[in-house]
Amino acid sequence: MKLKSRLVVSFFIIIFVPVVLFAGLMYGIKSLAQDFAARQGVDNQVLEYMQDFMIENDRFDSIIQNFCVAVFIILFVTAMVMIWWINKGISPQLKALRMAANNIKEGNLDFSIASTGTDEMSDLCNAFEDMRVRLQNNAKDRLVDEAEQRALISNIAHDLKTPITAIKGYAEGILDGVAVTPEKQEKYIRTIYNKANEMNTLINELTLYSKIDTNKIPYNFQKLNVNEYFNDCVNELGMDLENQHIRLDYTNFVDPDVQIIADPEQLGRIINNIISNSVKYMRADVASHIIITIKDVGDFVEIDIGDNGKGIAQHDLPYVFDRFFRADTSRNSAAGGSGIGLSIVKKIVEDHGGKIWVTSKENQGTTMCFVIRKYEEAIHEQDIDN
Ligand SMILES: Nc1ncnc2c1ncn2[C@@H]1O[C@H](COP(=O)(O)OP(=O)(O)OP(=O)(O)O)[C@@H](O)[C@H]1O
Ligand SMILES: [Mg+2]
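Residues numbered from 1 in each chain as written. Chains lettered and ligands numbered in written order. Predicted model: local features only at pLDDT ≥ 70, side-chain atom pairs only at ≥ 80, totals over all residues. Heavy atoms only, no water.

Some words on the domain arrangement of the protein
So the rule is basically this: Boundary definitions for the domains trace back to an automatic or database domain assignment. What makes two residues a contact is simply this: any of their non-hydrogen atoms within 4.5 Å. A 1.4 Å probe defines the accessible area here, and the buried area is the portion of it lost by two parts on being joined, summed over both. Here a salt bridge means any side-chain nitrogen of Lys or Arg lying within 4 Å of a carboxyl oxygen belonging to Asp or Glu. A run of H or I in DSSP counts as a helix once it spans at least four residues, and a run of E counts as a strand once it spans at least two, with each numbered from the N terminus. Amino acids are sorted into nonpolar (Ala, Val, Leu, Ile, Met, Phe, Trp, Tyr, Cys and Pro), charged (Asp, Glu, Lys and Arg) and polar (every other residue, Gly among them).
What the domain assignment reports for the protein is domain 1 (3-108), domain 2 (153-213) and domain 3 (222-383). The centre of domain 2, based on its C-alpha atoms, is set 28 Å off from the matching centre of domain 3. Between domain 2 and domain 3, the residue contacts involve nine residues of the former and twelve residues of the latter. In this assembly, domain 2 packs against domain 3 so that about 940 Å² is buried in total across both faces, 62% of it on carbon and sulfur atoms. Area buried by domain 2 at its contact with domain 3 is led by Leu-208, Tyr-209 and Ile-212, which between them contribute 54% of it. Across the contact surface, domain 2 and domain 3 share zero salt bridges. Looking at the side of domain 2 that touches domain 3 element by element, the count peaks at seven residues for helix 5 (residues 182-213). Residue composition of the side of domain 2 that touches domain 3, grouped by class: five nonpolar, one polar and three charged.

Here is the structure:
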(Lines give C-alpha, C1' and ligand atoms only; values in the text may rest on other atoms or scores of the structure.)
(Ligands and ions follow the chains in the order given, each with its own letter.)
Protein backbone atom coordinates (compact mmCIF):
# COMPACT_ATOMS: atom_id res chain seq x y z
CA MET A 1 0.00 0.00 0.00
CA LYS A 2 1.31 3.47 -0.89
CA LEU A 3 2.23 5.93 1.82
CA LYS A 4 -0.60 8.28 0.80
CA SER A 5 -3.24 5.49 1.03
CA ARG A 6 -1.86 4.42 4.41
CA LEU A 7 -2.18 8.00 5.67
CA VAL A 8 -5.79 8.25 4.39
CA VAL A 9 -6.81 4.92 6.00
CA SER A 10 -5.06 5.83 9.29
CA PHE A 11 -6.75 9.22 9.49
CA PHE A 12 -10.19 7.77 8.70
CA ILE A 13 -9.73 5.27 11.53
CA ILE A 14 -8.61 8.11 13.81
CA ILE A 15 -11.76 10.10 12.84
CA PHE A 16 -14.28 7.24 13.12
CA VAL A 17 -13.11 5.74 16.40
CA PRO A 18 -13.78 8.82 18.64
CA VAL A 19 -17.07 9.65 16.85
CA VAL A 20 -18.40 6.08 17.18
CA LEU A 21 -17.17 5.85 20.77
CA PHE A 22 -18.82 9.16 21.66
CA ALA A 23 -22.15 8.19 20.05
CA GLY A 24 -22.00 4.73 21.69
CA LEU A 25 -21.32 6.30 25.07
CA MET A 26 -24.20 8.73 24.78
CA TYR A 27 -26.72 6.06 23.69
CA GLY A 28 -25.36 3.78 26.46
CA ILE A 29 -26.07 6.48 29.04
CA LYS A 30 -29.53 7.02 27.57
CA SER A 31 -30.41 3.32 27.76
CA LEU A 32 -29.09 3.14 31.36
CA ALA A 33 -31.25 6.14 32.28
CA GLN A 34 -34.32 4.50 30.69
CA ASP A 35 -33.66 1.31 32.60
CA PHE A 36 -33.16 3.23 35.85
CA ALA A 37 -36.33 5.28 35.41
CA ALA A 38 -38.38 2.16 34.67
CA ARG A 39 -37.19 0.45 37.88
CA GLN A 40 -36.97 3.37 40.37
CA GLY A 41 -39.70 5.72 39.25
CA VAL A 42 -39.10 9.43 39.05
CA ASP A 43 -38.64 10.94 42.48
CA ASN A 44 -36.11 13.70 42.19
CA GLN A 45 -35.31 16.70 39.95
CA VAL A 46 -32.28 15.18 38.19
CA LEU A 47 -34.10 12.07 37.13
CA GLU A 48 -37.04 14.19 36.16
CA TYR A 49 -34.77 16.24 33.94
CA MET A 50 -33.15 13.13 32.48
CA GLN A 51 -36.51 11.62 31.75
CA ASP A 52 -37.66 14.84 30.21
CA PHE A 53 -34.51 15.50 28.11
CA MET A 54 -32.99 12.12 27.36
CA ILE A 55 -35.79 9.66 27.28
CA GLU A 56 -38.92 11.39 26.20
CA ASN A 57 -37.51 14.29 24.24
CA ASP A 58 -36.29 13.49 20.69
CA ARG A 59 -33.96 16.53 20.80
CA PHE A 60 -31.36 14.47 22.60
CA ASP A 61 -30.98 12.12 19.62
CA SER A 62 -30.74 14.95 17.14
CA ILE A 63 -28.15 16.82 19.30
CA ILE A 64 -25.99 13.71 19.48
CA GLN A 65 -26.34 13.12 15.73
CA ASN A 66 -25.54 16.74 14.86
CA PHE A 67 -22.64 16.77 17.26
CA CYS A 68 -21.23 13.59 15.72
CA VAL A 69 -21.62 14.98 12.20
CA ALA A 70 -19.95 18.27 13.19
CA VAL A 71 -17.05 16.48 14.91
CA PHE A 72 -16.71 14.19 11.91
CA ILE A 73 -16.54 17.13 9.46
CA ILE A 74 -14.01 19.03 11.61
CA LEU A 75 -11.82 15.93 12.03
CA PHE A 76 -12.16 15.09 8.34
CA VAL A 77 -10.99 18.53 7.19
CA THR A 78 -8.17 18.52 9.76
CA ALA A 79 -7.14 15.03 8.62
CA MET A 80 -7.12 16.07 4.97
CA VAL A 81 -4.91 19.09 5.75
CA MET A 82 -2.56 16.90 7.83
CA ILE A 83 -2.37 14.22 5.11
CA TRP A 84 -1.47 16.89 2.57
CA TRP A 85 1.11 18.43 4.96
CA ILE A 86 2.79 15.12 5.89
CA ASN A 87 2.74 13.91 2.29
CA LYS A 88 4.29 17.19 1.13
CA GLY A 89 7.11 16.77 3.65
CA ILE A 90 7.95 13.17 2.66
CA SER A 91 6.88 12.58 -0.93
CA PRO A 92 9.45 14.70 -2.85
CA GLN A 93 12.35 13.20 -0.92
CA LEU A 94 10.98 9.69 -1.38
CA LYS A 95 10.72 10.35 -5.11
CA ALA A 96 14.30 11.68 -5.13
CA LEU A 97 15.53 8.62 -3.21
CA ARG A 98 13.73 6.27 -5.61
CA MET A 99 15.26 8.11 -8.58
CA ALA A 100 18.70 7.94 -6.89
CA ALA A 101 18.39 4.20 -6.19
CA ASN A 102 17.36 3.59 -9.84
CA ASN A 103 20.32 5.66 -11.08
CA ILE A 104 22.74 3.72 -8.89
CA LYS A 105 21.21 0.42 -10.05
CA GLU A 106 21.91 1.49 -13.62
CA GLY A 107 25.46 2.55 -12.77
CA ASN A 108 24.84 6.29 -13.13
CA LEU A 109 26.47 8.16 -10.24
CA ASP A 110 26.41 11.63 -11.79
CA PHE A 111 23.56 13.24 -9.86
CA SER A 112 22.97 14.83 -6.49
CA ILE A 113 20.23 14.43 -3.91
CA ALA A 114 21.80 16.65 -1.26
CA SER A 115 19.10 18.39 0.78
CA THR A 116 19.25 21.62 2.78
CA GLY A 117 16.36 20.67 5.09
CA THR A 118 16.76 19.75 8.74
CA ASP A 119 14.14 16.97 9.03
CA GLU A 120 14.80 13.21 9.13
CA MET A 121 14.02 12.76 5.41
CA SER A 122 16.61 15.42 4.54
CA ASP A 123 19.11 13.61 6.81
CA LEU A 124 18.34 10.40 4.94
CA CYS A 125 18.83 12.15 1.56
CA ASN A 126 22.15 13.60 2.76
CA ALA A 127 23.29 10.17 4.02
CA PHE A 128 22.36 8.77 0.60
CA GLU A 129 24.29 11.61 -1.04
CA ASP A 130 27.38 10.76 1.07
CA MET A 131 27.05 7.14 -0.04
CA ARG A 132 26.78 8.24 -3.68
CA VAL A 133 29.88 10.44 -3.41
CA ARG A 134 31.80 7.55 -1.85
CA LEU A 135 30.65 5.15 -4.55
CA GLN A 136 31.63 7.71 -7.19
CA ASN A 137 35.09 8.18 -5.64
CA ASN A 138 35.53 4.41 -5.39
CA ALA A 139 34.55 4.05 -9.04
CA LYS A 140 37.08 6.76 -10.00
CA ASP A 141 39.79 5.10 -7.86
CA ARG A 142 38.97 1.78 -9.49
CA LEU A 143 39.41 3.33 -12.93
CA VAL A 144 42.78 4.78 -11.88
CA ASP A 145 43.78 1.42 -10.35
CA GLU A 146 42.78 -0.39 -13.52
CA ALA A 147 44.82 2.06 -15.62
CA GLU A 148 47.76 1.55 -13.26
CA GLN A 149 47.39 -2.23 -13.42
CA ARG A 150 47.44 -2.00 -17.22
CA ALA A 151 50.52 0.24 -17.04
CA LEU A 152 52.13 -2.21 -14.60
CA ILE A 153 51.50 -5.17 -16.90
CA SER A 154 52.91 -3.32 -19.90
CA ASN A 155 55.91 -2.15 -17.81
CA ILE A 156 56.54 -5.68 -16.55
CA ALA A 157 56.23 -7.05 -20.06
CA HIS A 158 58.68 -4.41 -21.31
CA ASP A 159 61.13 -4.81 -18.43
CA LEU A 160 61.13 -8.60 -18.59
CA LYS A 161 61.37 -8.66 -22.36
CA THR A 162 64.74 -6.85 -22.43
CA PRO A 163 66.70 -9.35 -20.29
CA ILE A 164 64.83 -12.33 -21.80
CA THR A 165 65.77 -11.22 -25.33
CA ALA A 166 69.40 -10.92 -24.21
CA ILE A 167 69.35 -14.33 -22.48
CA LYS A 168 67.80 -15.92 -25.58
CA GLY A 169 70.38 -14.25 -27.85
CA TYR A 170 73.39 -15.32 -25.78
CA ALA A 171 72.04 -18.87 -25.27
CA GLU A 172 71.54 -19.18 -29.06
CA GLY A 173 75.08 -17.87 -29.52
CA ILE A 174 76.40 -20.71 -27.37
CA LEU A 175 74.15 -23.34 -29.02
CA ASP A 176 75.07 -22.19 -32.55
CA GLY A 177 78.75 -22.33 -31.67
CA VAL A 178 79.33 -18.57 -32.07
CA ALA A 179 81.14 -18.52 -28.72
CA VAL A 180 84.08 -20.60 -29.81
CA THR A 181 86.74 -19.67 -27.27
CA PRO A 182 86.34 -20.54 -23.55
CA GLU A 183 86.66 -16.77 -22.75
CA LYS A 184 83.81 -15.92 -25.07
CA GLN A 185 81.71 -18.76 -23.67
CA GLU A 186 82.33 -17.51 -20.12
CA LYS A 187 81.41 -13.96 -21.17
CA TYR A 188 78.13 -15.22 -22.68
CA ILE A 189 77.28 -17.31 -19.63
CA ARG A 190 78.12 -14.41 -17.29
CA THR A 191 75.84 -12.11 -19.29
CA ILE A 192 73.04 -14.70 -19.10
CA TYR A 193 73.63 -14.91 -15.34
CA ASN A 194 73.53 -11.09 -14.94
CA LYS A 195 70.37 -10.78 -17.00
CA ALA A 196 68.69 -13.54 -14.96
CA ASN A 197 69.69 -11.60 -11.83
CA GLU A 198 68.14 -8.45 -13.27
CA MET A 199 64.88 -10.33 -13.82
CA ASN A 200 65.04 -11.70 -10.32
CA THR A 201 65.46 -8.19 -8.86
CA LEU A 202 62.55 -6.90 -10.89
CA ILE A 203 60.29 -9.77 -9.80
CA ASN A 204 61.31 -9.25 -6.14
CA GLU A 205 60.56 -5.54 -6.46
CA LEU A 206 57.14 -6.27 -7.93
CA THR A 207 56.36 -8.80 -5.20
CA LEU A 208 57.38 -6.27 -2.54
CA TYR A 209 55.32 -3.61 -4.27
CA SER A 210 52.17 -5.75 -4.24
CA LYS A 211 52.76 -6.55 -0.54
CA ILE A 212 53.26 -2.87 0.26
CA ASP A 213 50.21 -1.88 -1.74
CA THR A 214 48.00 -4.25 0.27
CA ASN A 215 49.63 -3.37 3.62
CA LYS A 216 51.00 -6.90 3.95
CA ILE A 217 54.57 -5.86 4.56
CA PRO A 218 55.66 -7.24 7.95
CA TYR A 219 57.54 -4.49 9.82
CA ASN A 220 60.00 -5.38 12.54
CA PHE A 221 60.30 -2.06 14.40
CA GLN A 222 63.29 -1.72 16.73
CA LYS A 223 65.22 0.93 18.62
CA LEU A 224 68.18 1.84 16.43
CA ASN A 225 71.14 3.97 17.39
CA VAL A 226 71.35 6.52 14.56
CA ASN A 227 75.15 6.75 14.48
CA GLU A 228 75.77 3.00 14.65
CA TYR A 229 73.14 2.21 12.03
CA PHE A 230 74.18 4.83 9.47
CA ASN A 231 77.94 4.32 10.00
CA ASP A 232 77.50 0.59 9.21
CA CYS A 233 75.22 1.36 6.31
CA VAL A 234 77.62 3.89 4.78
CA ASN A 235 80.57 1.47 5.20
CA GLU A 236 78.72 -1.14 3.13
CA LEU A 237 77.57 1.37 0.53
CA GLY A 238 81.02 2.98 0.33
CA MET A 239 82.60 -0.23 -0.95
CA ASP A 240 79.92 -0.77 -3.58
CA LEU A 241 80.13 2.83 -4.80
CA GLU A 242 83.94 2.82 -4.79
CA ASN A 243 83.84 -0.17 -7.16
CA GLN A 244 81.67 1.94 -9.46
CA HIS A 245 84.06 4.94 -9.12
CA ILE A 246 81.49 7.05 -7.35
CA ARG A 247 82.66 9.32 -4.54
CA LEU A 248 80.66 9.14 -1.32
CA ASP A 249 80.74 11.89 1.33
CA TYR A 250 79.10 11.21 4.67
CA THR A 251 78.46 13.69 7.48
CA ASN A 252 76.58 12.87 10.66
CA PHE A 253 75.56 15.75 12.96
CA VAL A 254 73.48 13.63 15.34
CA ASP A 255 74.52 13.07 19.00
CA PRO A 256 75.91 9.58 19.66
CA ASP A 257 73.03 8.46 21.92
CA VAL A 258 70.12 9.48 19.65
CA GLN A 259 67.85 6.58 18.73
CA ILE A 260 65.04 6.11 16.23
CA ILE A 261 62.30 3.49 15.99
CA ALA A 262 62.59 1.80 12.62
CA ASP A 263 62.71 -1.51 10.80
CA PRO A 264 66.43 -1.84 9.93
CA GLU A 265 65.74 -3.93 6.81
CA GLN A 266 63.13 -1.52 5.41
CA LEU A 267 65.23 1.54 6.32
CA GLY A 268 68.04 -0.10 4.35
CA ARG A 269 65.62 -0.57 1.45
CA ILE A 270 64.81 3.17 1.51
CA ILE A 271 68.49 4.10 1.35
CA ASN A 272 69.30 1.51 -1.32
CA ASN A 273 66.41 2.60 -3.54
CA ILE A 274 67.43 6.27 -3.32
CA ILE A 275 71.13 5.50 -3.88
CA SER A 276 70.32 3.15 -6.78
CA ASN A 277 68.44 6.03 -8.43
CA SER A 278 71.43 8.34 -7.87
CA VAL A 279 73.63 5.73 -9.55
CA LYS A 280 71.15 5.04 -12.34
CA TYR A 281 70.60 8.69 -13.21
CA MET A 282 74.24 9.84 -13.08
CA ARG A 283 75.67 12.14 -15.74
CA ALA A 284 78.34 10.68 -17.98
CA ASP A 285 80.22 13.98 -18.32
CA VAL A 286 81.07 14.57 -14.63
CA ALA A 287 82.71 12.55 -11.88
CA SER A 288 79.83 11.04 -9.92
CA HIS A 289 79.38 12.16 -6.38
CA ILE A 290 76.88 11.19 -3.65
CA ILE A 291 76.53 13.09 -0.37
CA ILE A 292 74.77 11.63 2.68
CA THR A 293 74.00 14.02 5.56
CA ILE A 294 72.28 13.05 8.82
CA LYS A 295 70.87 15.91 10.94
CA ASP A 296 69.03 16.28 14.22
CA VAL A 297 65.85 18.33 13.65
CA GLY A 298 64.10 18.28 17.04
CA ASP A 299 61.70 15.35 17.31
CA PHE A 300 63.02 13.86 14.08
CA VAL A 301 66.25 12.77 12.45
CA GLU A 302 66.62 14.02 8.87
CA ILE A 303 68.49 12.02 6.25
CA ASP A 304 69.53 13.86 3.06
CA ILE A 305 70.92 11.91 0.11
CA GLY A 306 72.19 14.16 -2.69
CA ASP A 307 73.81 13.49 -6.06
CA ASN A 308 75.23 15.48 -8.94
CA GLY A 309 73.33 13.50 -11.57
CA LYS A 310 70.88 14.36 -14.36
CA GLY A 311 68.35 15.95 -12.01
CA ILE A 312 64.59 16.05 -12.44
CA ALA A 313 62.64 18.73 -14.34
CA GLN A 314 60.56 21.05 -12.11
CA HIS A 315 57.29 19.94 -13.74
CA ASP A 316 58.08 16.29 -12.93
CA LEU A 317 59.05 16.84 -9.29
CA PRO A 318 55.53 16.58 -7.79
CA TYR A 319 55.05 13.15 -9.38
CA VAL A 320 58.30 11.28 -8.66
CA PHE A 321 56.76 9.49 -5.66
CA ASP A 322 53.73 8.38 -7.69
CA ARG A 323 53.43 4.73 -8.65
CA PHE A 324 54.88 3.93 -12.08
CA PHE A 325 55.98 7.50 -12.69
CA ARG A 326 59.19 7.83 -14.67
CA ALA A 327 60.33 11.32 -15.61
CA ASP A 328 61.00 11.81 -19.30
CA THR A 329 60.45 8.14 -20.18
CA SER A 330 62.36 8.22 -23.41
CA ARG A 331 65.50 9.56 -21.70
CA ASN A 332 65.17 6.97 -18.95
CA SER A 333 64.20 3.99 -21.05
CA ALA A 334 67.83 2.90 -21.43
CA ALA A 335 68.25 2.95 -17.65
CA GLY A 336 65.37 0.47 -17.13
CA GLY A 337 63.00 0.42 -14.19
CA SER A 338 59.29 0.36 -13.52
CA GLY A 339 58.88 3.66 -11.70
CA ILE A 340 57.89 2.01 -8.42
CA GLY A 341 61.15 2.45 -6.46
CA LEU A 342 60.26 5.83 -4.96
CA SER A 343 56.61 4.93 -4.34
CA ILE A 344 57.86 2.03 -2.20
CA VAL A 345 60.26 4.42 -0.44
CA LYS A 346 57.47 6.90 0.31
CA LYS A 347 55.16 4.20 1.65
CA ILE A 348 57.87 2.82 3.98
CA VAL A 349 58.81 6.32 5.24
CA GLU A 350 55.14 7.11 5.94
CA ASP A 351 54.62 3.75 7.67
CA HIS A 352 57.47 4.86 9.96
CA GLY A 353 55.55 8.09 10.76
CA GLY A 354 57.97 10.14 8.66
CA LYS A 355 57.87 12.38 5.60
CA ILE A 356 59.84 12.47 2.37
CA TRP A 357 60.49 15.25 -0.14
CA VAL A 358 62.81 16.03 -3.01
CA THR A 359 64.68 19.00 -4.41
CA SER A 360 66.33 18.87 -7.80
CA LYS A 361 67.73 20.89 -10.66
CA GLU A 362 68.14 19.54 -14.14
CA ASN A 363 71.76 18.72 -15.00
CA GLN A 364 72.88 19.71 -11.51
CA GLY A 365 71.61 16.98 -9.25
CA THR A 366 68.92 15.70 -6.92
CA THR A 367 68.57 15.59 -3.14
CA MET A 368 66.10 13.22 -1.47
CA CYS A 369 65.30 14.17 2.13
CA PHE A 370 63.31 12.18 4.66
CA VAL A 371 62.67 12.34 8.38
CA ILE A 372 62.19 9.51 10.88
CA ARG A 373 60.84 10.18 14.39
CA LYS A 374 63.26 9.86 17.30
CA TYR A 375 62.64 7.23 19.97
CA GLU A 376 60.57 9.16 22.56
CA GLU A 377 61.67 7.33 25.70
CA ALA A 378 65.23 8.33 24.92
CA ILE A 379 64.04 11.96 25.02
CA HIS A 380 62.22 11.44 28.36
CA GLU A 381 65.25 9.70 29.84
CA GLN A 382 67.42 12.62 28.74
CA ASP A 383 64.99 15.04 30.44
CA ILE A 384 65.12 13.01 33.66
CA ASP A 385 68.94 12.81 33.55
CA ASN A 386 69.15 16.58 33.10
N1 LIG B 1 68.44 10.77 -8.29
C2 LIG B 1 67.67 10.96 -9.36
N3 LIG B 1 68.14 11.68 -10.40
C4 LIG B 1 67.36 11.88 -11.49
N5 LIG B 1 66.10 11.41 -11.64
C6 LIG B 1 65.60 10.70 -10.64
C7 LIG B 1 66.34 10.42 -9.43
N8 LIG B 1 65.57 9.71 -8.61
C9 LIG B 1 64.40 9.52 -9.26
N10 LIG B 1 64.40 10.11 -10.46
C11 LIG B 1 63.29 10.16 -11.43
O12 LIG B 1 62.10 9.73 -10.77
C13 LIG B 1 61.53 8.63 -11.46
C14 LIG B 1 60.89 7.68 -10.47
O15 LIG B 1 61.88 7.00 -9.73
P16 LIG B 1 61.61 5.54 -9.22
O17 LIG B 1 62.77 5.08 -8.43
O18 LIG B 1 60.27 5.52 -8.59
O19 LIG B 1 61.48 4.70 -10.56
P20 LIG B 1 62.58 4.09 -11.51
O21 LIG B 1 63.95 4.32 -10.91
O22 LIG B 1 62.35 4.66 -12.85
O23 LIG B 1 62.23 2.56 -11.53
P24 LIG B 1 62.47 1.48 -10.38
O25 LIG B 1 63.01 2.19 -9.19
O26 LIG B 1 61.13 0.89 -10.16
O27 LIG B 1 63.42 0.52 -10.95
C28 LIG B 1 62.64 8.00 -12.24
O29 LIG B 1 62.16 7.36 -13.40
C30 LIG B 1 63.50 9.22 -12.59
O31 LIG B 1 63.01 9.82 -13.75
MG1 LIG C 1 64.30 3.71 -8.90
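Concerning empty space enclosed by the protein
Quick note on the threshold: Space inside and on the surface of the protein is sampled on a 1 Å grid over the protein atoms alone, with a cavity defined as a set of points where a 1.4 Å probe fits but cannot get out and a pocket as an open set with protein on both sides within 12 Å along at least 5 of 7 lines; lining residues have an atom within 4 Å of a point. Grid points are joined across faces, edges and corners, and a volume is the space filled by probe spheres set on the points.
For the structure shown, the criterion picks out two cavities of 30 Å³ or more. Of the pockets and cavities examined, the second largest cavity occupies roughly 30 Å³. Around the second largest cavity, the lining residues are Asp-145, Glu-148, Gln-149, Tyr-209, Arg-323 and Phe-324. Of the residues forming the lining of the second largest cavity, the biggest block, three residues, is contributed by helix 4 (residues 120-175).

Observations concerning a positive patch on the surface
Selection criterion: Exposure above 30% relative accessible area and the absence of a salt bridge qualify a residue for a patch, where like charges join within 9 Å and nonpolar side chains (Val, Leu, Ile, Met, Phe, Trp, Tyr) within 5 Å. We get accessible surface area from the Shrake-Rupley algorithm with a probe of 1.4 Å; when it comes to residues, only the shown protein chains can shield them. A residue counts as positive if it is Lys or Arg and as negative if it is Asp or Glu; His and the chain ends are not included. Charge positions are represented by NZ for Lys, CZ for Arg, CG for Asp and CD for Glu.
A contiguous patch of positive charge on the surface is contributed by Lys-2, Lys-4, Lys-95 and Arg-98. With respect to the helices and strands, the residue Lys-4 is situated in helix 1 (residues 3-40).

Focus: the pattern of salt bridges
Quick note on the threshold: For the exposure calls, accessible area comes from a 1.4 Å probe over protein chains only, and a residue counts as buried if that area is under 20% of its type's maximum, exposed if over 50%, partly exposed in between.
Within the structure shown, the criterion is met by eleven salt bridges. In this structure, Asp-249 and Arg-247 form a salt bridge, with 2.9 Å as the shortest nitrogen-oxygen distance. By relative accessible area, Asp-249 is classed as partly exposed at 26%. The partner of Asp-296 in a salt bridge is Lys-374, with the nearest N and O atoms 2.8 Å apart. Here Asp-296 is found in strand 4 (residues 289-297), whereas its partner Lys-374 is found in the loop between strand 7 (365-373) and helix 10 (376-385), with 78 residues between them in sequence. Overall, Lys-374 belongs to the buried group, its relative accessible area being 13%. Residues joined by salt bridges that share partners form a network here, namely Lys-295, Glu-302 and Asp-304.

Examining the nonpolar core
Stated formally: Buried residues of nine kinds, namely Ala, Val, Leu, Ile, Met, Phe, Trp, Tyr and Cys, make up a nonpolar core once their side-chain atoms join them within 4.5 Å.
Counting residues in each nonpolar core, the largest one holds 52 residues, and the members touching the most others are Leu-267, Ile-271, Ile-274, Ile-290, Ile-292 and Phe-370. It is helix 6 (residues 226-243) that contributes the most residues to this core, seven residues altogether. Of the residues that make up this core, three or more belong to each of domain 2 (153-213) and domain 3 (222-383). Beyond its immediate sequence surroundings of up to four residues, Ile-271 is in contact with Tyr-229, Phe-230, Cys-233, Leu-237, Ile-305 and Phe-370. Of all hydrophobic cores here, the second largest spans seven residues; its members include Ala-100, Phe-111, Ile-113 and Met-121.

Side note on the environment of Asn-231
Mapped onto the fold, Asn-231 is located in helix 6. Excluding its chain neighbours within four sequence positions, the residues that come into contact with Asn-231 are Tyr-250 and Asn-252.

Re a nonpolar patch on the surface
On the surface, Val-69, Ile-73, Val-77, Val-81, Trp-84 and Trp-85 cluster together into a nonpolar patch covering about 670 Å² of accessible area. With respect to the helices and strands, Val-81 occurs in helix 3 (residues 59-105).

A few points about the sheet that holds strand 7
Here is the rule we go by: The criterion for strand pairing is that DSSP finds at least two bridges linking the strands in question. All axes here are fitted lines through C-alpha atoms, helices being fitted over the stretch that makes contact, and every angle between N-to-C directions spans 0 to 180 degrees.
The five strands lie next to each other as 2-4-5-7-6, forming an open sheet whose pairing is mixed. Either end of the sheet is taken by a strand with one partner, and the two such strands are strand 2 (247-252) and strand 6 (355-361). Averaged over all pairs of adjacent strands, the angle between strand axes in this sheet comes to 15 degrees, irrespective of strand direction. Looking at chain direction, strand 6 and strand 7 are connected through seven bridges and run antiparallel. Pairing of Lys-361 across the sheet is with Gly-365, part of strand 7. Its contacts with the sheet place helix 6 against strand 2, strand 4 and strand 5 (300-307), and it is angled at close to 175 degrees to strand 2. Packed onto the sheet, helix 9 (residues 341-351) meets strand 6 and strand 7 and runs at close to 140 degrees relative to strand 6.

Some points on the packing of helix 3 against helix 4
Helices that pack against each other are described as a pair by the angle of their axes relative to one another and the distance between those axes. Our working rule: Orientation categories follow fixed angle ranges, with anything under 35 degrees roughly parallel, anything over 145 roughly antiparallel, 65 to 115 roughly perpendicular, and all other angles oblique. Less than a right angle of anticlockwise turn of the near helix away from the far helix marks a crossing as left-handed, whereas a clockwise turn marks it as right-handed.
For the pair helix 3 and helix 4, interaxial distance at closest approach is 10 Å and the crossing angle is 15 degrees. For the element pair helix 3 / helix 4, the angle class is roughly parallel. Considering only the axes of helix 3 and helix 4, their crossing is left-handed. Seen from helix 3, the contacting residues are Gly-89, Ile-90, Gln-93, Leu-94, Leu-97, Ala-100, Ala-101 and Ile-104; seen from helix 4, they are Met-121, Ser-122, Leu-124, Cys-125, Phe-128, Met-131 and Leu-135. For the contact of helix 3 with helix 4, the class distribution of residues is twelve nonpolar, three polar and no charged.

Overview of the pairing of strand 4
As judged from the six bridges shared by strand 2 and strand 4, these two strands associate in the parallel manner. What sits directly across from Asn-252, in strand 4, is Ile-294. Pairing between strand 4 and strand 5: eight bridges, direction antiparallel. Across the sheet, Ile-291 pairs through a bridge with Gly-306, a residue of strand 5. Adjacent in sequence and paired antiparallel, strand 4 and strand 5 are bridged by two residues, among which Gly-298 carries a positive phi angle near 80 degrees.

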